Amino acid sequence: LAFAMIPKSGWHGYWENPGDAGLGMTLEWTLPKGVNVGELRYPVPETLIIAGLMNHVYEGPYAPLVTLQIAPGLAPGTRLPISVRADWLACTDEICVPESATLRANLTVGDGAVSAASTKRFDDWRQRLPAPLGSQATFAADGKTLRIAIPFPAAGTIDAPHFFARTQQAVRYGAPQAFYRDGDRLIVETEVSGAAPGEIGGLLRIGPHLGLDLVAKPGAV
């Protein structure tokens, strides 16, 4: 399922960790027997600084995705009414408005066939999700300085990189970020927010709507 969001001009929505201000989307599901729901997956966000505060936002159309798991024993033709209460925050540079809606989808167990139009629509949304890094990143803190070493090919191209921390209060969101090459590693240098956590989850933006999802653990940098 996709939550297809289309902010009006001048408005924006928020990533799961909104940064210094804002609020991500929260969901309260009502599901029939035999249906479970996975974690909400967000596309690669953008940065927006307002009055010195760093915001992790979407200023254009975006679609968080969630996967429904359907029990294999459900017979074709079984009706599956899905309902979810969604709450989110819509903001401009000056005001924020809490929004909510109860959304419903009446699904029917079928043969798994998907139309070409639906496939393309969801493929376009999926392409904006961060890809899993697939390798172990490490981090080290020295005083207020935090360095994160991310496996990344030396020949790989990067455009306007930024590290979005998913782990709350792991980094100071508005602090400058410097990037260095170390062979097949990319080093992010920024400022720790407080005591270094046991691990830091986050997203490395490597280009417009392109990113890598990662978890960094304490180690050599």
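For the structure given in this document, a descriptive report is provided here. (Residues numbered from 1 in each chain as written. Predicted model: local features only at pLDDT ≥ 70, side-chain atom pairs only at ≥ 80, totals over all residues. Heavy atoms only, no water.)

1. Digging into empty space enclosed by the protein
Part 1: For the coordinates displayed, the defined rule picks out one cavity of 30 Å³ or more.
Part 2: In this model, the largest cavity occupies a volume close to 40 Å³.
Part 3: Elements with a contribution of two residues or more to the lining of the largest cavity: strand S1 (13-19) and strand S7 (79-91).
Part 4: Of the residues contributing to the lining of the largest cavity, the split by class is eight nonpolar, two polar and no charged. (1 Å grid on protein atoms, 1.4 Å probe; cavity = no way out; pocket = protein on both sides within 12 Å on 5 of 7 lines; lining within 4 Å. Points joined across faces, edges and corners; volume = space filled by probe spheres on them. Helix = DSSP H or I, 4+ residues; strand = E, 2+ residues; numbered from the N terminus. Nonpolar A, V, L, I, M, F, W, Y, C, P; charged D, E, K, R; others polar.)

2. Comments concerning the sheet that holds S7
Part 1: Pairing is antiparallel across the open sheet formed by three strands, whose spatial order is S2-S7-S8. Of all strands in the sheet, those bounded by a partner on one side alone are strand S2 (26-30) and strand S8 (96-108). If you compare each strand with its neighbour and ignore which way they point, the axes differ by 15° on average.
Part 2: Pairing analysis gives five bridges linking S2 to S7, with the strands arranged antiparallel. Within S7, the residue paired with Glu-28 across the bridge is Arg-85. (Pairing = 2+ DSSP bridges. Axes fitted to C-alpha atoms, helices over the stretch in contact; angles between N-to-C directions.)

3. Focus on the nonpolar core
Part 1: One finds Leu-146, Ile-148, Ile-150, Phe-163 and Leu-214 to be the most contacted residues of the largest nonpolar core, which totals 22 residues.
Part 2: Where this core is concerned, the elements lending two or more residues are strand S10 (137-142), strand S11 (145-151), strand S12 (162-165), strand S14 (185-191), strand S15 (200-207) and strand S16 (210-218).
Part 3: Dropping the residues within four chain positions of it, Ile-150 is found in contact with Leu-133, Ala-137, Asp-184, Arg-185, Leu-186, Val-188, Leu-204 and Leu-214.
Part 4: Ranked by size, the runner-up nonpolar core spans 15 residues in total, among them Met-25, Tyr-58, Tyr-62 and Val-66. (Core = buried A, V, L, I, M, F, W, Y, C linked by side-chain atoms within 4.5 Å. Buried < 20%, exposed > 50% of the residue type's maximum accessible area, 1.4 Å probe, protein only. Contact = heavy atoms within 4.5 Å.)

4. Structural notes on the pattern of salt bridges
Part 1: Taken as a whole and judged by the stated rule, the model has eight salt bridges.
Part 2: A salt bridge links Glu-189 to Arg-147, with the nearest nitrogen and oxygen atoms 2.8 Å apart. Separated by 42 residues along the polypeptide, Glu-189 in strand S14 and Arg-147 in strand S11 bring together distant segments of the chain.
Part 3: On the accessibility criterion, Arg-147 (31% relative accessible area) is partly exposed.
Part 4: Asp-182 is the salt-bridge partner of Arg-185, the closest N and O atoms lying 2.9 Å from each other. (Salt bridge = Lys/Arg side-chain N within 4 Å of Asp/Glu carboxyl O.)

5. Considerations on the state of the cysteines
Part 1: Counted by the stated rule, this structure contains one disulfide.
Part 2: The partner cysteine of Cys-91 in its disulfide is Cys-96, sulfur to sulfur 2.0 Å. Across the S-S bond of Cys-91 and Cys-96 the torsion is about 115°, and the bridge reads as right-handed.
Part 3: Among the residues examined, Cys-91 registers a relative accessible area of 0% and is labelled buried.
Part 4: By relative accessible area, which is 44% here, Cys-96 ends up partly exposed. (Disulfide = S-S within 2.5 Å.)

6. A look at the sheet that holds S1
Part 1: With antiparallel pairing, three strands are arranged side by side in an open sheet as S1-S5-S4. Looking along the sheet, the strands with just one partner apiece sit at the ends: S1 and strand S4 (46-50). For this sheet the average axis-to-axis angle between neighbouring strands, irrespective of direction, equals 45°.
Part 2: Relative to strand S5 (residues 53-58), S4 is paired through five bridges, and the arrangement is antiparallel. Of the residues in S5, the one forming a bridge with Glu-46 is Val-57.

7. Some details on the side chain of Thr-92
Part 1: Mapping Thr-92 onto the fold places it in the loop between S7 and S8.
Part 2: By relative accessible area, which is 18% here, Thr-92 ends up buried.
Part 3: Of note is the side chain of Thr-92, whose polar atom sits 3.0 Å from the backbone nitrogen of Glu-94.
Part 4: Aside from chain neighbours lying at most four places away, what touches Thr-92 is Gly-10, Trp-11, His-12 and Ile-50. (Polar contact = N/O pair within 3.5 Å; in protein donor to acceptor, adjacent residues only side chain to side chain.)

8. Describing the environment of Tyr-180
Part 1: Tracing the backbone shows Tyr-180 in strand S13 (residues 178-181).
Part 2: Between the C-alpha atoms of Tyr-180 and Gly-77, which are 103 residues apart in sequence, the distance is 56 Å.
Part 3: Setting aside residues up to four positions removed in sequence, Tyr-180 forms contacts with Arg-185, Leu-186, Ile-187 and Glu-189.

9. Remarks on unusual backbone geometry
Part 1: Even without a glycine there, the phi angle at Ala-160 is positive, about 50°.
Part 2: As for its position among the elements, Ala-160 is in the loop between S11 and S12.
Part 3: Located in the positive-phi region is Gln-169, a residue other than glycine, with phi close to 60°.
Part 4: Within the element layout of this structure, Gln-169 appears in the loop between S12 and S13.

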